[in-house]
Amino acid sequence: MHGMGSGDCPFEFNFDAATFKVGDTVSYRVNGSFEGMPFVGTLLEVHHDHVVIAGDANDPSCRYRGTRESRPQVDYAEI
């Protein structure tokens, strides 16, 4: 398959929490049994102390509250 293993990433992430805005694509983490696995989501809300992430573009009810840092942390209980 074209591009497999080339190191190219199909996403452009914003890793600068100071510049987060609605619509940004972020890489987020989940603690608990998903520790260490990367996830991709879109920011729906940006607050001074947290963000709200759309975890599934096809399911609008899939919303997670995460910390406001370069790779937001979502609590496993939210999943």
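Scroll up to find the structure.
Rules used in this analysis
Residues numbered from 1 in each chain as written. Predicted model: local features only at pLDDT ≥ 70, side-chain atom pairs only at ≥ 80, totals over all residues. Heavy atoms only, no water. Phe/Tyr/Trp six-rings, centres within 6.5 Å; stacked < 30°, edge-to-face > 60°. Buried < 20%, exposed > 50% of the residue type's maximum accessible area, 1.4 Å probe, protein only. Helix = DSSP H or I, 4+ residues; strand = E, 2+ residues; numbered from the N terminus. Salt bridge = Lys/Arg side-chain N within 4 Å of Asp/Glu carboxyl O.

A.B. asks: Please give an account of the packing of aromatic side chains that cites residues and values.
C.D. replies: Taken as a whole, this structure holds six aromatic pairs when the rule is applied. On the numbers, 5.8 Å between centres and 40 degrees between planes, the contact of F11 with F13 is tilted. A relative accessible area of 40% places F11 in the partly exposed class. Taking 6.2 Å as the distance between ring centres and 55 degrees as the angle between the ring planes, the aromatic pair formed by Y28 and Y64 counts as tilted. Of this pair, Y28 sits in strand β1 (residues 25-30) while Y64 sits in strand β4 (residues 63-67), placing them 36 residues apart in sequence. Residue Y28 is classed as buried on the basis of its relative accessible area, which comes to 3%.

A.B. asks: Quick rundown of the pattern of salt bridges? Include the residues and the values.
C.D. replies: Here the structure, examined in full by the defined rule, presents three salt bridges. Among the salt bridges present, the one from K21 reaches D24, with a minimum N-O distance of 2.9 Å. The exposure class of K21 is exposed, given its relative accessible area of 52%. Notably, a salt bridge pairs E69 with R29, separated by 3.2 Å at the nearest N-O pair. Of this pair, E69 sits in the loop between β4 and β5 (73-74) while R29 sits in strand β1, placing them 40 residues apart in sequence. Residue R29 is classed as partly exposed on the basis of its relative accessible area of 24%.

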